[in-house]
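Observations on the model geometry
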Amino acid sequence: MGLREYVIRRSIYMFLLVVAVVCFNFFLFRLPTLVLDVSPVDLMISEELRRNLTREALQGLYQRFGLVPDPDIFDWIYMFWRYLVNMFTGNFGLSFISQQPVIDELMSRLPNTLLLMGTSSIVSIILGIWTGVKVAADPGSRKDVSAVTLALFIYSLPIFWLGMMLLMVFAFYVPNMTGGLIGFPLGGTISYELWVSAKTDPLGALYIAGDILHHLFLPMIALGVGGYGGYFLYMRNNLIDVMTEDYILTARAKGLDENQVLYKHGLKNAMLPMVTIIAMTFGFLINGATLTETVFNWYGLGRYIFDSLFVLDYPVVQAIFMIIAITAILANFVADLLYGVLDPRIKYG
Amino acid sequence: MSDSKSSSWKDSNWYVSLTGFWKEYRKHKIGILGIIVLFLFVGMAFAAPWLATHDPAPGKKVAPSFLAPEWMAVFDPEGVLTDEYMPDPQLTNEPTFRTFGNSSKFSYDHFTGAGNDGRVNMTWEHKAGDRMNWAPPNPMSQYPDSEDFVIFMQNFTWPFEGLPSDVNITFTYSVSLTGTFATEENSGLMFKTYIWLIDSSGDWQRVYRSFPPYSSEFQTRKIDLNFFDLNNAWGGMVEDDGVQEDPTDELTVAVGLAPTDNFRYHLGETPSLNYTGSVTLTVEEVSLVAYGDYFGVLGTTDKGADAWSQLVYGSRISLTIGILATALSTAVGVIVGLTAGYFGGKTDEILMRVVDFLLVIPGLPLMMVLAAFLGPTIENIIVVIAILGWTGTSRLIRSQVMAEKNKAYVESARAIGASDTYIIFRHILPNVTPILFADITLGVVAAILSESGLAFLGLTDPNEPSWGRMLADAQGTGGFSNGAWWVVVFPGLMITILSLAFTFVGHTLDQVLNPRLRER
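Note that this is a predicted model, so its numbers are computed, not measured. (Residues numbered from 1 in each chain as written. Chains lettered and ligands numbered in written order. Predicted model: local features only at pLDDT ≥ 70, side-chain atom pairs only at ≥ 80, totals over all residues. Heavy atoms only, no water.)

**Digging into the overall build of chain A**
Where we set the bar: Going along the chain from the N terminus, every DSSP run of H or I of four or more residues is numbered as a helix, and every run of E of two or more is numbered as a strand. C-alpha atoms define the radius of gyration in this analysis, and the globule rule sets the expected value at 2.2 Å times the number of residues to the power 0.38. With a 1.4 Å probe rolled over the protein chains alone, any residue whose accessible area is under 20% of its type maximum counts as buried; one over 50% counts as exposed, and the rest are partly exposed. Residues count as neighbours in contact if any of their non-hydrogen atoms are within 4.5 Å of one another.
Check the secondary structure of chain A and you find 16 helices and zero strands. Taking 20 Å as the expected radius of gyration for a compact globule of 349 residues, we find that chain A reaches 25 Å, considerably beyond that expectation. Each principal axis of the C-alpha atoms in chain A carries an extent, and together these give about 90 × 65 × 40 Å. Considering chain A as a whole, with its 349 residues, one finds that 45% of them fall into the buried category. Counting contacts in chain A only where the partners sit at least 6 residues apart, residues at least 24 apart contribute 71% of the total.

Laid out in structure tokens, this is it:
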């Protein structure tokens, strides 16, 4: 089977998976309505207001959000159909809470999440690969054992707690002790005062960039450290595996020096599965990090899921779920293709 | 099986040679460490009722908010210590009595009650028409309405140059009535029991007044002093710019019984002309706990609950959820993996598509959604974590089974007519089990971390203490902004240490049992 056929088959399968996710979302987020008979409109307006509204006004309110009061089975089918059409035409509807289009709400948060997740992933990937290679050259050494222990420690660390500790030390105690000279902000993405004053400043853009980096640093470190353990262990184990292969023995036998064997022959082959993992990571980037974003009060998608969930704002949550699913599926696909391109031994089938 | 190393335990089934396994396992220091720590945590979970010093309910206030752990008082010699300050709260010895006004109306005595606790009786007798001395009406007065009353007193010394952060007085008493007092409906309004704090300048600060109904059974009142009472009573003893208002650091706690204004005139009647009888106040306990800046083993939380007790009980939640959720997800994962791997074809296809589906749904958000919708009870949290946890196990088992099922011994078992179930459970499962152990222990780590994450987001049983919830409380109420680093550090440390112990054990099991890594 050729590449073309493989791509077509995978595309059909991916489409079916997206359809499955979309259908699943519909029922998942309407569970409270289906089981508990709670409509989002009930949460939006008080019981008193509801009684005082005219029939038409109430009807209009329901219609505005694509809902039906006291739905029967036909209403459900109608709502499901409308939902399907909307999802596949990219119309995610209005947020119940902010009453703004969901897509606008998501777009305003997406850059923050991508910035945070992107930088922290890059930090942990680079650190993981670098230290993994250093250590794999000499497995079982003191350096190796302590690095593995450290990685296991990071693996069992709750990242949100690490974030809280970083905040406590570098955003509270250090600024307190140095009189506010050194230190990081307690939360948020950008400071409003600086943003306002920077607008009139010729060097404003620089200030804003600096301020964003200032806010970004602690959450980036927390997430970067959190991801590091996994990449390190994966890289190390892969490379140790590869180093037992016959071609490494051959390379050594023909008298290449150890560095060349490690980097030219070992690392290149050990990077293959790593590429898959990295591609998958980038697929889940927009997933955000709900816990870390909550700790650092970061204006991102992860925290938005959490905030929307508790007010039954399901247009937002279902849109995020669908986007995450699509990117994850695509990333999976890209990873598989990439693997084939990088490793000529792989045949599609 | 292999021929040359047939004596080695590695080539036999894992359960045949537990000693061999142990010999291999104990070479790994971190594995041993992990097991020891695990035992400590399990012991803590079982011994929680004995280890905990207070009620572990997160909303149960036992002291002011954000008090520091007691051991931190070492660094602060001036700090106020939390303690019982009454010299004799159980009234074992006779206290000092004093009557005011017409002393012939009052009598008092001290006796030993049940359980060798001391008790104090104070009796007010009244004959119809007896003359009473009434104080001029003054709503701001700290004294009783009547100038005739009786008190008993205890003194204590306040050695600190600082106010207590909070004071609780526990007062256990009963009231027995005779004569008209026992028969009249409104007799409870005719007298009151008071508690005063009297400083060495002679200022009285009334901190408690009793209200009817009264009972001859003992009842306990817990009196939480408000800030003004506390400030008035203690303020004079604290040096301000080198000046101390009160001459000494002595404070007197007085408990009294006195007639009220209602006895003079009540609803158009004059009870003092009609009543004949007696009121006896029996006091069993008067204790005064002054809270300092320090409390308990680990201080208090934002709600004034004891952090140590919550921390101890939190181990139960983490262990229960971690182990049960993993047991559930492993069971599902093994069954799915065995079925998919052994039967292959359509079954495999369908099951693996379900796994694919679950892998593209974002994990933590889905757990949040399910936990929020199902209600965050412990059972639901277990189920929710298990729903997402089994996919990895099933993939692992499936790949192992696929490798295993084409081996000769399975062929031969099938040739002699063994059923599928028999082959799966008797031949294949024992051979894929070793690889499962590491997966299980690492699954527990993931479950513990998920649980604490969900609890951090508020998705936890509201009445149960949990480490994630303690962190959430600390975060939500600005724990460290109040300087209370201990509410942030210790719960997180517990999560880390427990999951680190499981990680160490899992890593070691992986090293020992995973055939891929064995020869290293």
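**Side note on the domain arrangement of chain A**
All names here are of chain A. Heads up, the condition is: In this document the domain limits rely on a domain assignment from an automatic tool or a database. A simple way to read buried area is as the amount of 1.4 Å-probe accessible surface that goes missing from two parts once joined, with both sides added. Any Lys or Arg side-chain nitrogen found within 4 Å of a carboxyl oxygen on Asp or Glu counts as a salt bridge. Polar contact is the term for a pair of N or O atoms within 3.5 Å; when the atoms are in protein, one must be able to donate a hydrogen and the other to accept it, and sequence-neighboring residues count only if both atoms are side-chain atoms.
Parsing chain A into structural domains produces domain 1 (3-88) and domain 2 (103-342). Here the C-alpha centroids of domain 1 and domain 2 sit 34 Å apart. Interface area for domain 1 against domain 2, summed over the two sides, is near 1,700 Å², with a carbon-plus-sulfur share of 79%. When the area that domain 1 buries against domain 2 is broken down by residue, the three leading residues are Met14, Phe29 and Met87, summing to 33%. Counting across the domain 1 and domain 2 interface gives one salt bridge. Note that Asp336 is salt-bridged to Arg10, the shortest N-O span being 2.7 Å. At the boundary of domain 1 and domain 2, one finds three residue pairs in polar contact (both at pLDDT 80 or more). Looking at the side of domain 1 that touches domain 2, the elements that each hand over two or more residues are helix 1 (3-29), helix 2 (31-36), helix 3 (40-44) and helix 6 (73-88). Top element by residues in the side of domain 1 that touches domain 2 is helix 1. It accounts for 12 residues.

**Examining helix 6 of chain A**
Residues and elements named next belong to chain A. Stated precisely, the cut-off is as follows: Expected helix span is taken as 1.5 Å per residue step, with the number of steps being one fewer than the number of residues. It is the directions from the helix axis to the C-beta atoms that the arc portrays.
Between its terminal C-alpha atoms helix 6 stretches 23 Å, which fits the 22 Å expected from 16 residues at 1.5 Å a residue. Taken together, the buried positions of helix 6 are Trp76, Met79, Tyr83, Leu84 and Met87. Take helix 6 and look down its axis: the buried residues cluster within an arc of 135°, on one side only. Turned more than 90 degrees away from the buried face of helix 6 sit Phe74, Ile77 and Trp81, all of them exposed. One or two residues past the end of helix 6 sits Gly90, with phi positive at roughly 75°.

**Observations regarding the pattern of salt bridges**
All names here are of chain B. As enumerated under the stated definition, the model contains 17 salt bridges over all chains in all. Across the pair Lys303 and Asp473 runs a salt bridge whose closest N-O atoms are separated by 3.6 Å. With Lys303 in the loop between strand 11 (277-291) and helix 7 (307-343) and Asp473 in helix 13 (residues 467-476), the pair connects residues that are 170 residues apart, well separated along the chain. Judged by its relative accessible area of 15%, Asp473 falls in the buried class. Here the salt bridges share partners, and the residues they tie into one network are Asp302, Lys303, Arg469 and Asp473.

**As for the packing of helix 9 (residues 159-177) of chain A against helix 11 (residues 204-242) of chain A**
All names here are of chain A. What counts is decided by this rule: Fitting a line to C-alpha atoms yields each axis, with helices limited to the stretch in contact; the angle taken between N-to-C directions then spans 0 to 180 degrees. In this scheme the handedness of a crossing depends on how the near helix is turned from the far one: anticlockwise by less than a right angle means left-handed, clockwise means right-handed. We call Asp, Glu, Lys and Arg charged. Ala, Val, Leu, Ile, Met, Phe, Trp, Tyr, Cys and Pro are nonpolar, and the rest, Gly among them, are polar.
Between helix 9 and helix 11, the least distance of the axes is 9 Å, while the angle of their chain directions is 145°. Note that helix 9 runs across helix 11; the crossing there is right-handed. Residue-level inspection shows Ile159, Leu162, Gly163, Leu166, Leu167, Phe170 and Ala171 of helix 9 in contact with helix 11, the latter providing Leu218, Ile221, Ala222, Leu223, Val225 and Gly226. Among the residues forming the contact of helix 9 with helix 11, the class breakdown is 11 nonpolar, two polar and no charged.

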